[in-house]
Amino acid sequence: MIVVRVVQTGDVDALVSLAQETGPGMTSFKPDRDALAARIERTRRTIEGRATPAEAGYFFVMEDAKTGDIAGVCGIETEVGLEQPFYNYRVSTVVHASQELGVWTKMSLLNISHDLTGYAEVCSLFLSPRYRTGGVGGLLSRSRFMFIAQFRERFPERICAEMRGYFDEDGTSPFWRALGSHFYQIDFNAADYLTAHGRKSFLAELMPRFPVYVDLLPEEAQRVVGLTHRDTVPARKMLEAEGMRYQNHVDIFDAGPSLECHVDDLRTVRESVVVPVSIGVPGPFDAARDDASGAAMPKSLVSNTSLGDFRVGVAPGVVGNGTFVLSADDAAALNVKAGDPVRVLPLKVKQG
């Protein structure tokens, strides 16, 4: 079984190696040993109740239970913007009209915003190309919502996610080239690095003081406002399946979209259930159905309910008779035994 679990101190070497596979725009997961070690420690403090609200956050790793290979990461920030400002652009509309000339124009404006301050944020999603198959990315993304559903009291009312914006084939952002580079006078990766390490004072000092008319930007920059990086499109679709939507907030560097919603509107929060686990052969009736009709065997996301050793994976079957049946190997991977509570969310079967 491939599981997503809470990060542990011993994961730091594997995380440094994994982070070297990322490209530009991955602000919150860089191959920096000290920063990654600090994030692991911050996760432990948060779980133990020692973190302040401004620093509270969780970090998870995806692990192949058979080989121990670390294949991906994801994270949750509990409340963004409480200590370091959480800047974005709000895309709004302005109308100019002249009756005398018979002219009417409608334009988009970019306004510096702190609208998402206090939101939880799902972030730092990265999956190694070696594992981008068979629904593994869906497990990685949705694992965070299973955690939020299990520990709902630890999170605020609203949640957001920043999507990586569009980059050219040469790895540059047309939006940054047209706007940010003129104000900050450093390259994208340098600005990205500083913000990833909490050094954001230069933003307030150098960012545009007034709203930016999108129509005055080069056409290539206009086209990418709110556009998602091609490698991030699958992640966006998963978040939208959870109920998150673009509400006209974009990143100040690459203009990637932010998705948001109420936490209680997340599908996983609404539909997952907690039941006792049984150990045995999962769903023999499903296997017969699969053989007879060719229909896909139903599967579910399954997690334990441990805060300090939270684990979630995909297992065959659905809840039946008030319980969920796990194989012995899957139960061991999730660190549960017969009678323990597990949280279960049926996965939707793709049609066609």
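The structure reproduced in this document is the subject of the present report. This is a predicted model, so every value here is computed, not measured. (Residues numbered from 1 in each chain as written. Predicted model: local features only at pLDDT ≥ 70, side-chain atom pairs only at ≥ 80, totals over all residues. Heavy atoms only, no water.)

**Looking at helix H4 (residues 174-184)**
Among all positions in H4, only Pro174, Phe175, Trp176, Ala178, Leu179, Gly180 and Tyr184 are buried. Note on H4: the residue one or two positions beyond its end, Gln185, has a positive phi of about 60°. (Buried < 20%, exposed > 50% of the residue type's maximum accessible area, 1.4 Å probe, protein only. Helix = DSSP H or I, 4+ residues; strand = E, 2+ residues; numbered from the N terminus.)

**Observations regarding the packing of helix H3 (residues 136-150) against helix H8 (residues 233-242)**
Put simply, H3 and H8 touch, their axes get as near as 10 Å, and they point 40° apart. One way to sum up the angle between H3 and H8 is to call them oblique. For the pair H3 and H8, the crossing hand works out as right-handed. Together, Gly137, Gly138, Ser141, Arg142, Arg144 and Phe145 of H3 and Met238, Leu239 and Glu242 of H8 make up the contact between the two elements. Grouping the amino acids of the contact of H3 with H8 by side-chain chemistry returns three nonpolar, three polar and three charged. (Axes fitted to C-alpha atoms, helices over the stretch in contact; angles between N-to-C directions. Parallel < 35°, antiparallel > 145°, perpendicular 65-115°, else oblique. Left-handed = near helix turned anticlockwise from the far one by under 90°. Contact = heavy atoms within 4.5 Å. Nonpolar A, V, L, I, M, F, W, Y, C, P; charged D, E, K, R; others polar.)

**So, the nonpolar core**
Judged by nonpolar contacts, the single largest core of 36 residues is most densely connected at Phe60, Phe147, Ile159 and Met244. Listing elements by their share of this core, those giving two or more residues are strand S1 (2-6), strand S2 (57-64), strand S3 (70-77), strand S6 (120-127), H3, strand S7 (158-162) and strand S10 (257-262). For this core, the leading source of residues is H3, giving seven residues. Phe147 has contacts with Tyr58, Phe60, Ile76, Phe155, Leu307 and Phe310, leaving out every residue within four places of it along the chain. Counting residues in hydrophobic clusters, the runner-up holds 26 residues, among them Leu110, Ala178, Met207 and Phe253. (Core = buried A, V, L, I, M, F, W, Y, C linked by side-chain atoms within 4.5 Å.)

**Some thoughts on the pairing of strand S5 (residues 103-113)**
Direction of pairing for strand S4 (residues 88-98) relative to S5: antiparallel, over a ladder of eleven bridges. Among the inter-strand pairings, Ser92 is bridged to a residue of S5, identified as Leu109. The antiparallel hairpin formed by S4 and S5 contains four residues in its connecting segment, where Gly102 sits at a positive phi of about 70°. Pairing geometry for S5 and strand S8 (residues 212-213), over two bridges, is antiparallel. Note on S8: the bridge partner recorded for Leu110 is Val212. (Pairing = 2+ DSSP bridges.)

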